[in-house]
Amino acid sequence: MSNCDSCPSKGKCSKIKIEYNPKNSVKHVIAVMSGKGGVGKSTVSVLLAKELNKRGYKVGLLDADITGPSIPRLVGTVGERAAMIDSEILPITSPDGIKTMSLNYFIEEESQPVVWRGPMISGAVKQFWTDVIWGEIDFLVVDLPPGTGDVTLTVMQQMPVTGVVGVAVPQSMVTMIVTKAIKMMQLMNKPVFGIVENMSYIECPDCGKQMELYEGKYGYHEFEDMGIDILAEYPMVPDLMMQYATEGTTVNLQTKALADAVVANAEAVVADDDCCGCDGCDGNCEDCDSEDCENCANRDSCGGSCSGNCESCGH
């Protein structure tokens, strides 16, 4: 809710506390979502993680699509198995040095279905945040499943999400569903950094002319009306990863633009961020002995504006 005064639960709500693993230090959590399946969220997540890793950042990649995990295939870790030490999980490191976690690291064959109900799926995602030894991470990229249900709520409420990147294709049905996801983020007060348009066009291999595949830049007007920027446009090609690996290609340049925008937006969010809002907060983190503040990634940069009291909240 953006206004406590209009909330029917005013004075009765209980803030969901984010749990932190003391062995981890994650600076930014970037959620990649769409609301619609099949638009390339996992591919965009991996491209972003690879580019950030190439720039020297310490990067993690969390596959939150429990029933349809695809990250191991995209990063080259198919067949790897996660190990546990004292009830904690060690991530699998990809060949290029990205720490990853996926449910496929716990099943015998990647084609084995995961037939779980919502609470179990949400619990697994939460464990990937609290029980995995990520260590020191600059950017943890979270690949979300389609929809705006349990898993998305779990990530938004139980992880300190810095910002969200949406993924769409220029087709009216997809645009409508992606718009739902964006509005969900806005309702939850999560910064939406912008949209990546995948399968934006086909490029002629002979002359280089761009031919629009669907309905052209259908969603641009609607996204712009919502104040959402287009961060990158990817063409329809057989293998985005192969094109990304070649310097100077369209995919390579667009991924660099995407990473530029994510880094700039993430740094701006941290600079402007307020206090973590722990129970009994008086706006002074320096004197706070709460575990919330001890584990808060924004401890040194919080604005100290939180009163810790919903009754007097003016936001």
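Cut-off values and rules
- What you see as residue numbers is a count from 1 along each chain, following the sequence as written.
- In view of the model being predicted, local features appear only for residues whose pLDDT reaches at least 70, and side-chain atom pairs are presented and counted only at 80 or more, with totals across whole chains, interfaces and linings using the full set of residues.
- Derived side-chain values reflect all non-hydrogen atoms in the structure, with water molecules and hydrogen atoms excluded from consideration.
- Secondary structure elements are defined from DSSP: runs of H or I of at least 4 residues count as helices, runs of E of at least 2 residues count as strands, and each element is numbered from the N terminus.
- Should any heavy atoms of two residues lie within 4.5 Å, those residues are counted as being in contact.
- Note that accessible areas follow from Shrake-Rupley with a 1.4 Å probe, and for residues the cover is restricted to the protein chains shown.
- The span expected for a helix works out to 1.5 Å for each residue beyond the first.
- Buried, partly exposed and exposed residues are distinguished by accessible area as a fraction of the type maximum, computed with a 1.4 Å probe on protein chains only: under 20%, between the cut-offs, and over 50%, respectively.
- The rule is short: rings of Phe, Tyr and Trp, with Trp giving its six-membered ring, pair when the centres are within 6.5 Å, and they are stacked under 30 degrees, edge-to-face over 60, tilted in between.
- The convention used is that axes are lines fitted to C-alpha atoms, helices contributing only their stretch in contact, and that angles between N-to-C directions extend from 0 to 180 degrees.
- Crossings are sorted by hand: turned counterclockwise from the far helix by less than a right angle, the near helix makes the crossing left-handed, and turned clockwise it makes it right-handed.
- Ten residues, namely Ala, Val, Leu, Ile, Met, Phe, Trp, Tyr, Cys and Pro, are considered nonpolar, four, namely Asp, Glu, Lys and Arg, are considered charged, and the remaining ones, Gly among them, are considered polar.

Caption draft 1: Representation of the overall build of the protein chain. Across its full length, the protein chain carries 9 helices and 12 strands. When contacts within the protein chain are restricted to residue pairs at least 6 apart in sequence, long-range pairs at least 24 apart make up 75% of them. Of the roughly 15300 Å² of accessible surface on the protein chain, 49% is carried by carbon and sulfur atoms.

Caption draft 2: Fine view of helix α1 (residues 41-54). Helix length check: α1 (14 residues) gives 20 Å between terminal C-alpha atoms against 20 Å at 1.5 Å per residue, within 8%. Of all 14 residues making up α1, 13 are buried, and the element is well covered by its neighbours. Remark: G56 follows α1 within two positions and exhibits a positive phi of approximately 100°.

Caption draft 3: Spotlight on the packing of aromatic side chains. On inspection of all chains with the given rule, the structure shows 3 aromatic pairs. Aromatic pair Y57 and F139: ring centres 5.1 Å apart, planes at 85°, arrangement edge-to-face. Placement of the pair is Y57 in the loop between α1 and β2 (59-63) and F139 in strand β7 (residues 136-143), with a sequence separation of 82 residues.

Caption draft 4: Looking closely at the packing of helix α3 (residues 118-130) against helix α4 (residues 150-158). It is at 9 Å that the axes of α3 and α4 come closest, and there the two elements cross at 35°. Read as a crossing pair, α3 and α4 show a hand that is right-handed. Of the residues in α4, those touching α3 at G118, P119, I121, S122, V125, K126 and W129 are D150, V151, T154, V155 and Q158. Class assignment for the residues of the contact of α3 with α4 results in 6 nonpolar, 4 polar and 2 charged.

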